[in-house]
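# Geometric and topological summary
Below are the chains, spelled out letter by letter.
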Amino acid sequence: MRSTLDVSESHVARVGRLSVRRALPRRGRRMVGAWCFLDHMGPSAVTRTASLDVGPHPHCGLQTVTWLIEGEALHRDSLGSEQVVSPGELNLMTTGHGVAHSEEATDQYAGDLEGAQLWIALPEATRDGAATFEHHGDLPGVDLNGAEATVFVGAFAGVTSPARVDSDVVGVDLDLRGSTDVALRADFEHALVVLRGRVLVDGVALTPGQLGFIGVGVDEARVEPLAGARVLLIGGRPFAEEIAMWWNFVARTREEIEAARESWTTRDARFGDVASPLPRLDAPAPYWWTSARSA
Ligand code: MN
């Protein structure tokens, strides 16, 4: 069956020094499989000393996926990891119960920075487990006859990323030079986010700043770039658990989120310390603590 693309608009936000187009979560579209957050960041000019510049902050209940298409960024975390990521490489942090990290300038790269930051919600079985960090510099690629696909998470077109995943999810970078029939798992829901160029997905236009959602039951999508295009394809089995998400935390209840916030604010041992020159980010007050604000 072919897709009927459901297009939603991204929300412009600011992360560190960069402007981002937030494709997930949006009102009416909270998740795609276990994917619960997707920022398209940049392109933005950075210097060797001023870049993304997101100071130490905590996460729980999720995996952070950093995927660049231009530039370099430095990851530091409270496990002691210090890792530069470049285009075609994956930085993957599995938070389990809790970890903190920063995103910084590399001291060596100056130029444009562009990429995507994504989160994958962890299932019940591992969301309170141990934190880990992985860097993958060699990811499988497939020539789709019209697109070069790089599989950074999960399995696609016969190849499998070495990255840890705890649920049925897929994440693919499509570098399109011509029309491509993209095979999809019919038991997955999917979304396409255009980073560069513009495409038609089964005849429906999709541009940067939009997310095109394809529900379950679809096994192929025809993606036609107008010229060249760079597109992220994410997907997964619809996430069976109801999540609560606020600031940098993914949990199941507001009480769990408040407990995570309390741990960060009181600097107990849960999230640890990051050896970063940047200032630590303070957690804001949850919106449900005041009646004046809405989600
Ligand atoms: Mn983060």
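Up top is the structure.
Residues numbered from 1 in each chain as written. Predicted model: local features only at pLDDT ≥ 70, side-chain atom pairs only at ≥ 80, totals over all residues. Heavy atoms only, no water.

Time to look at the sheet that holds strand β21 (residues 204-206). Spatially, the four strands line up as an open sheet ordered β18-β23-β20-β21, and their pairing is antiparallel. Taken across any chain shown, the strands that pair with only one partner, and hence form the sheet edges, are β18 (180-183) and β21. Each strand of the sheet is rotated relative to its neighbour by a mean of 30 degrees, with strand direction disregarded. (Pairing = 2+ DSSP bridges. Helix = DSSP H or I, 4+ residues; strand = E, 2+ residues; numbered from the N terminus. Axes fitted to C-alpha atoms, helices over the stretch in contact; angles between N-to-C directions.)

This part covers the coordination of the manganese ion. Looking at the manganese ion, the protein donor atoms are His 57 (NE2), His 59 (NE2) and His 101 (NE2), and they sit 2.1 to 2.2 Å from it. One chain supplies every donor to the manganese ion, and in sequence these donors are spaced H-x1-H-x41-H. Highlighted residues: His 57 in strand β5 (residues 54-59) and His 101 in strand β10 (residues 99-104), separated in sequence by 44 residues. The residues His 57 and His 101 share a single accessibility class, namely buried. (Donors = N, O, S within 2.8 Å, 3.2 Å for Na, K, Ca; no water. Buried < 20%, exposed > 50% of the residue type's maximum accessible area, 1.4 Å probe, protein only.)

This part is about the packing of aromatic side chains. Considering all chains together, one arrives at nine aromatic pairs under this definition. Here Trp 247 and Phe 249 contribute two aromatic rings whose centre-to-centre distance is 5.6 Å and whose plane-to-plane angle is 80 degrees, an arrangement assigned as edge-to-face. Judged by centre distance (5.9 Å) and plane angle (25 degrees), the ring pair of Phe 249 and Phe 271 falls under stacked. With Phe 249 in strand β26 (residues 249-251) and Phe 271 in the segment after α1 (254-265), this pair connects stretches of sequence that are 22 residues apart. Side by side, Phe 249 and Phe 271 carry an identical accessibility label, which is buried. Pairwise contacts between aromatic rings join Trp 246, Trp 247, Phe 249, Trp 264, Phe 271, Tyr 287 and Trp 288 into one cluster. Just above the ring of Phe 213 sits the side chain of Arg 29; from NZ or CZ to the centre is 3.5 Å. Directly above the ring of Trp 264 sits Arg 280, whose terminal nitrogen or CZ lies 3.7 Å from the centroid. (Phe/Tyr/Trp six-rings, centres within 6.5 Å; stacked < 30°, edge-to-face > 60°. Lys NZ or Arg CZ within 6 Å of the ring centre and 35° of its normal.)

What follows is about the sheet that holds strand β24 (residues 229-236). Judged by pairing direction, the sheet is antiparallel, and its seven strands sit side by side in the order β1-β22-β19-β24-β17-β14-β13 without closing on themselves. Strand pairing shows two members of the sheet lacking a second neighbour, β1 (6-9) and β13 (141-143), which therefore form its edges. Neighbour-to-neighbour, the strand axes of the sheet open up by a mean angle of 25 degrees, direction not taken into account. Here strand β19 (residues 189-196) runs beside β24; their pairing, made up of seven bridges, is antiparallel. Directly across from Leu 192, in β24, lies its bridge partner Leu 233.

The next thing to look at is the side chain of Gln 63. Along the polypeptide, Gln 63 turns up in strand β6 (residues 62-70). Exposure remark for Gln 63: the relative accessible area of 1% places this residue in the buried category. A distance of 2.9 Å separates the side chain of Gln 63 from the side chain of Thr 94, its partner in a polar contact. In contact with Gln 63, not counting residues within four places along its chain, are Leu 92, Met 93, Thr 94, Leu 118, Trp 119, Ile 120, Leu 122, Arg 164, Val 165 and Asp 166. (Polar contact = N/O pair within 3.5 Å; in protein donor to acceptor, adjacent residues only side chain to side chain. Contact = heavy atoms within 4.5 Å.)

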